[in-house]
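# Close look at the chain arrangement
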Amino acid sequence: MKVVVVATASDGTIDHADLTAKIEQHRDALSCIMITYPSTHGVYDADVREVCDAIHAAGGQVYIDGANLNALVGLAQPGLFGGDVSHLNLHKTFCIPHGGGGPGVGPVAARAHLAPFMPGNAADPANGESGTPISASRYGSAGVLPISWAYVKLMGGQGLTEATKSALLAANYIASRLNDFFPVLYTGEGDSWPTSASWTCASSRPRPASPPRTSPSA
Ligand SMILES: Cc1ncc(COP(=O)(O)O)c(C=O)c1O
């Protein structure tokens, strides 16, 4: 397969004109699109559904990169964007230590039509698990999974949602504090700084344009 990069618009979202052109150019061979959501620049593309629809209309599939799921948990569902398959990095969102070379482990979620193509356990075909194994051992590095389990159980749904909001607020705070020293490429459309009291989930682009400067103690 060949990777084709779709351009980024000036606000950090997916450039629709370029996407349309690339779809037309590669329609006969189009396999899928991979979308990191929100993007690594922190942009929530409010038109992501149209992007998914356009790919599906051209016969392609949509992979939602779950690496930034800690900015979505409790607030949005990748499956509702139009994604067909997504992975969750437990070490990025669900408390697994991030470093030391692993172990990396996490679920890959797919829509039902992709089930026959999911990796299985070649060692146990009698159990209906045939195909290419995703890891050498049956459940991968299963020893770390109780960490995520305990984290989810301790936090609960509301706690996880609060953690997401807190992470968004903290990321915006750091971006604001470092803005004079490091360029922040995309700042969204807001004109006021969200506080923990005023934050709502309705903002599709949470990074404000002109955050006020405050002292760390404020
Ligand atoms: C956007 C994005 N996708 C995927 C990955 C891969 O994550 P990992 O190899 O740690 O599971 C990263 C890692 O930083 C990432 O930033």
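Residues numbered from 1 in each chain as written. Predicted model: local features only at pLDDT ≥ 70, side-chain atom pairs only at ≥ 80, totals over all residues. Heavy atoms only, no water.

Moving on: the site of the ligand. Close contacts around the ligand come from Thr36, Thr40, Asp65, Ala67, Asn89, His91 and Lys92, and that covers them all. At a separation of 2.6 Å, an oxygen atom of the ligand approaches a polar side-chain atom of lysine 92. Protein coverage of the free-state accessible area of the ligand, which is 390 Å², stands at 51%. (Near = heavy atom within 4 Å. Polar contact = N/O pair within 3.5 Å; in protein donor to acceptor, adjacent residues only side chain to side chain. Areas by Shrake-Rupley, 256 points an atom, 1.4 Å probe, with all protein chains shown as cover.)

A word on helix 1 (residues 16-26). When we look at burial in helix 1, the residues that qualify are Asp18, Leu19 and Ile23. Take helix 1 and look down its axis: the buried residues cluster within an arc of 135 degrees, on one side only. Across helix 1 from its buried face, at more than 90 degrees, point the exposed residues Ala17 and Gln25. Along its buried surface, helix 1 packs onto strand 1 (32-36) and helix 2 (48-57). (Buried < 20%, exposed > 50% of the residue type's maximum accessible area, 1.4 Å probe, protein only. Helix = DSSP H or I, 4+ residues; strand = E, 2+ residues; numbered from the N terminus. Arc of directions from axis to C-beta. Contact = heavy atoms within 4.5 Å.)

Here the focus is the nonpolar core. The nonpolar side chains of a soluble globular protein tend to be buried with one another. One finds Leu19, Ile33, Ile35, Tyr37, Ile55, Val62 and Phe94 to be the most contacted residues of the largest nonpolar core, which totals 28 residues. Those elements giving two or more residues to this core turn out to be helix 1, strand 1, helix 2, strand 2 (61-65) and helix 5 (145-178). The biggest single contributor to this core is helix 2, with 4 residues. If sequence neighbours within four positions are ignored, valine 62 has contacts with Ile33, Ile35, Cys52, Ile55, His56, Gly82, Gly83, Asp84 and Val85. (Core = buried A, V, L, I, M, F, W, Y, C linked by side-chain atoms within 4.5 Å.)

Within this structure, the stated rule accounts for 3 aromatic pairs. Judged by centre distance (6.0 Å) and plane angle (90 degrees), the ring pair of tyrosine 37 and tyrosine 44 falls under edge-to-face. The class for tyrosine 37 is buried, based on a relative accessible area of 8%. Seen from their ring centres, tyrosine 37 and phenylalanine 81 are 4.6 Å apart, and the 55 degrees between their planes marks the pair as tilted. A residue pair is termed long-range when its members are at least 10 positions apart, and tyrosine 37 in the loop between strand 1 and helix 2 and phenylalanine 81 in helix 3 (residues 78-81) qualify at 44 residues. The buried category is assigned to phenylalanine 81, whose relative accessible area is 10%. Each member of the aromatic cluster is reached from another via a ring pair, and the members are Tyr37, Tyr44 and Phe81. (Phe/Tyr/Trp six-rings, centres within 6.5 Å; stacked < 30°, edge-to-face > 60°.)

Before going further, it helps to spend a moment on the confidence of the model for the protein. Taken residue by residue, the protein gives an average pLDDT of 82. The fraction at 70 or more is 78%. Here helix 3 is the element of the protein with the lowest mean pLDDT, 83, and helix 1 is the one with the highest, 97. (pLDDT = per-residue confidence, 0-100.)

This paragraph deals with a nonpolar patch on the surface. A surface patch of nonpolar side chains, amounting to about 440 Å² of accessible area, comprises Ile174, Leu178, Phe181 and Phe182. Tracing the backbone shows isoleucine 174 in helix 5. (Patch = residues over 30% accessible without salt bridge, like charges linked within 9 Å, V, L, I, M, F, W, Y side chains within 5 Å. Salt bridge = Lys/Arg side-chain N within 4 Å of Asp/Glu carboxyl O.)

Pairing between strand 1 and strand 2: 5 bridges, direction parallel. Bridge assignment links threonine 36 to a residue of strand 2, and that residue is aspartate 65. Judged from the 2 bridges that link them, strand 2 and strand 3 (residues 85-87) form a sheet pairing that is parallel. In the strand pairing of strand 3, tyrosine 63 is matched with valine 85. (Pairing = 2+ DSSP bridges.)

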